[in-house]
Amino acid sequence: MRDQFIELHQERDLGQKLNATFAFLRQNFKPLFRCVLLYVVPFALLAGIFSGVYQSTQLRELSGAVQYSSWGEFSYSNSVNSVHYWVSLFFTLVSGVLLCLTVYGYMLEYRQNQGEVSPGAVWARTKSNFIPLLYSSVGVVVLCGLAMLLLVLPGIYVTVALSLFGIVMLYEETGFLDTVERCFYLVKGHWWSSFGFLLLVMLLQGVIGFVGSLPAIVVYIFRILQLPGGDSDMLLIVASSFTTILSLVLYVISTTAVGFLYFDLVERKEGVGLLEQVTQIGTQPDVTASSY
């Protein structure tokens, strides 16, 4: 039996958006996470490996396990380790962008095809929008960072508004400045409700993520306290990779939630879904009349 189609363009209160988010994830768990596994996890794994190597070196230096015979050796080690850090950061950014494109691409295909989604169609949307969104993500991070530096409250306001950036750019096919303007337009008058919804989702996601990261925390504690087994670099790299992948995969929850927030705000502002329903009613053939 086919699952009931979940209408995306619909006004929902906080509880309804939360229920719709988890209902959508539950209904589409296998096909959506197959896409995430194919398009996101490989880059998340690379980010985790480089992060693990970087953290392993840092912890060994802090514990005094590494001794340098000269300043040149110390400088070379730091430069190599900083490369691990920046490579990890790059793959984390790439993974985050791919995750947004994969989830939003899946949601748009789901809506366009009444619940029938193929991985190929999701990949087509992802690869065609990857470079623009990657560059734009750097700009969004800079804007949010500058807003936070000026004052914390404006920074929070900007961050909530620009959380819609990815789905607006993908769905409405707008440029950077138009997307930023559109995000602020959508949250105007609905900022507090948007903030409350996103805060609740992030808290739930954080609790789940903390439980999942416990193995890595245990490894770090063993390493710092120099307990048996804590000196294994491979164990730390595996734990770091697992935590990185888990954290990125868990962002499927908040990314899907942002998608439902976007459709809710568009519906409140413009009534797109209602207009589509009216149009469909108006274009339906008169079956009763044609049967006589």
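In this text, all values refer to a predicted model and were calculated from it rather than measured experimentally.

**Description of a nonpolar patch on the surface**
So, point 1. A contiguous nonpolar patch, built from L93, V138, V142, L146 and L149 and spanning about 450 Å² of accessible area, is present on the exposed surface.
So, point 2. With respect to the secondary-structure elements, V142 resides in helix α5 (residues 119-150).
So, point 3. For V142, a relative accessible area of 45% gives the class partly exposed.

**Some points on the packing of helix α7 (residues 165-172) against helix α8 (residues 176-187)**
Helix-helix packing is characterised by the crossing angle of the two axes and by the distance between the axes.
So, point 1. Running from N to C, α7 and α8 point in directions that differ by 115°, and their axes come no closer than 9 Å. Taken as a pair, α7 and α8 cross one another with a handedness that is right-handed. Taking contact as the criterion, the partners of F165, V168, M169 and E172 in α7 are, on α8, F176, T179, V180, R182, C183 and L186.
So, point 2. Residue classes in the contact of α7 with α8 are distributed as 7 nonpolar, 1 polar and 2 charged.

**Topic: the packing of aromatic side chains**
So, point 1. The final tally for this structure, using the stated rule, is 19 aromatic pairs.
So, point 2. Relative to F263, the ring of Y171 has its centre 5.6 Å away and its plane inclined at 70°; by these criteria the two rings are edge-to-face. Of this pair, Y171 sits in helix α7 while F263 sits in helix α11 (residues 233-270), and the two are 92 residues apart along the sequence.
So, point 3. A relative accessible area of 28% places Y171 in the partly exposed class.
So, point 4. A residue is classified by how much of its surface remains accessible, and F263, at 0% relative accessible area, is buried.
So, point 5. Taken together, the ring pairs connect F5, F24, Y106, Y110 and F260 into an aromatic cluster.
So, point 6. The positively charged end of K17 is found above the aromatic ring belonging to F197, 5.3 Å away from the centroid.
So, point 7. Sitting over the face of the ring of Y185, K269 holds its NZ or CZ atom 4.7 Å from the ring centroid.

**Side note on α5**
So, point 1. The principal kink in α5, of about 50°, is found at F130, preceding the proline P132 by one to four residues.
So, point 2. Along α5, the positions that sit buried rather than exposed are V122, T126, F130, L133, L134, S136, S137, V140, C144 and A147.

**With respect to the confidence of the model for the chain**
So, point 1. Summary statistics for the chain give a mean pLDDT of 82 and a share of 81% for residues scoring 70 or more.
So, point 2. The secondary structure element of the chain with the lowest average pLDDT is helix α13 (residues 287-290), at 41, and the one with the highest is α8, at 94.
So, point 3. Predicted confidence is poor over residues 286-292, with pLDDT under 50, and the contacts of this stretch with residues over four places away or in other chains come to 0 contacts.

**Overview of the environment of C35**
So, point 1. Within the secondary structure layout, C35 lies in helix α2 (residues 29-39).
So, point 2. Residues C35 and G120, spaced 85 residues apart in sequence, show a C-alpha to C-alpha distance of 9.1 Å.
So, point 3. Sequence-distant contacts of C35, defined by excluding residues within four places in its chain, comprise V40, T102, Y106, P119 and V122.

**A short note on unusual backbone geometry**
In most cases, non-glycine residues show a negative phi, while peptide bonds are predominantly trans.
So, point 1. With phi around 55°, Q114 is a residue other than glycine that occupies positive phi space.
So, point 2. Within the secondary structure, Q114 is located in the loop between α4 (71-112) and α5.
So, point 3. Owing to a relative accessible area of 45%, Q114 belongs among the partly exposed residues under this scheme.
So, point 4. One non-glycine residue, E173, lies in positive phi territory at about 55°.

**What to know about the nonpolar core**
So, point 1. Counting 59 residues, the largest nonpolar core has F24, M107, L162, L164, F165 and Y262 as the members making the most contacts within it.
So, point 2. If we skip the residues at most four places from it in the chain, L162 touches V140, L143, C144, V180, C183 and F184.

**Some words on the pattern of salt bridges**
So, point 1. Applying the stated criterion to the full structure yields 6 salt bridges.
So, point 2. We note a salt bridge from E11 to R268, for which the minimum N-O separation is 3.6 Å. With E11 in the segment before α1 (14-27) and R268 in helix α11, this pair connects stretches of sequence that are 257 residues apart.
So, point 3. Through salt bridges with shared partners, one network takes in E11, K17, D264 and R268.

What counts and what doesn't
- Residues numbered from 1 in each chain as written.
- Predicted model: local features only at pLDDT ≥ 70, side-chain atom pairs only at ≥ 80, totals over all residues.
- Heavy atoms only, no water.
- Patch = residues over 30% accessible without salt bridge, like charges linked within 9 Å, V, L, I, M, F, W, Y side chains within 5 Å.
- Areas by Shrake-Rupley, 256 points an atom, 1.4 Å probe, with all protein chains shown as cover.
- Salt bridge = Lys/Arg side-chain N within 4 Å of Asp/Glu carboxyl O.
- Helix = DSSP H or I, 4+ residues; strand = E, 2+ residues; numbered from the N terminus.
- Buried < 20%, exposed > 50% of the residue type's maximum accessible area, 1.4 Å probe, protein only.
- Axes fitted to C-alpha atoms, helices over the stretch in contact; angles between N-to-C directions.
- Left-handed = near helix turned anticlockwise from the far one by under 90°.
- Contact = heavy atoms within 4.5 Å.
- Nonpolar A, V, L, I, M, F, W, Y, C, P; charged D, E, K, R; others polar.
- Phe/Tyr/Trp six-rings, centres within 6.5 Å; stacked < 30°, edge-to-face > 60°.
- Lys NZ or Arg CZ within 6 Å of the ring centre and 35° of its normal.
- Bend = angle between axes of the 7 residues up to and from the residue.
- pLDDT = per-residue confidence, 0-100.
- Core = buried A, V, L, I, M, F, W, Y, C linked by side-chain atoms within 4.5 Å.

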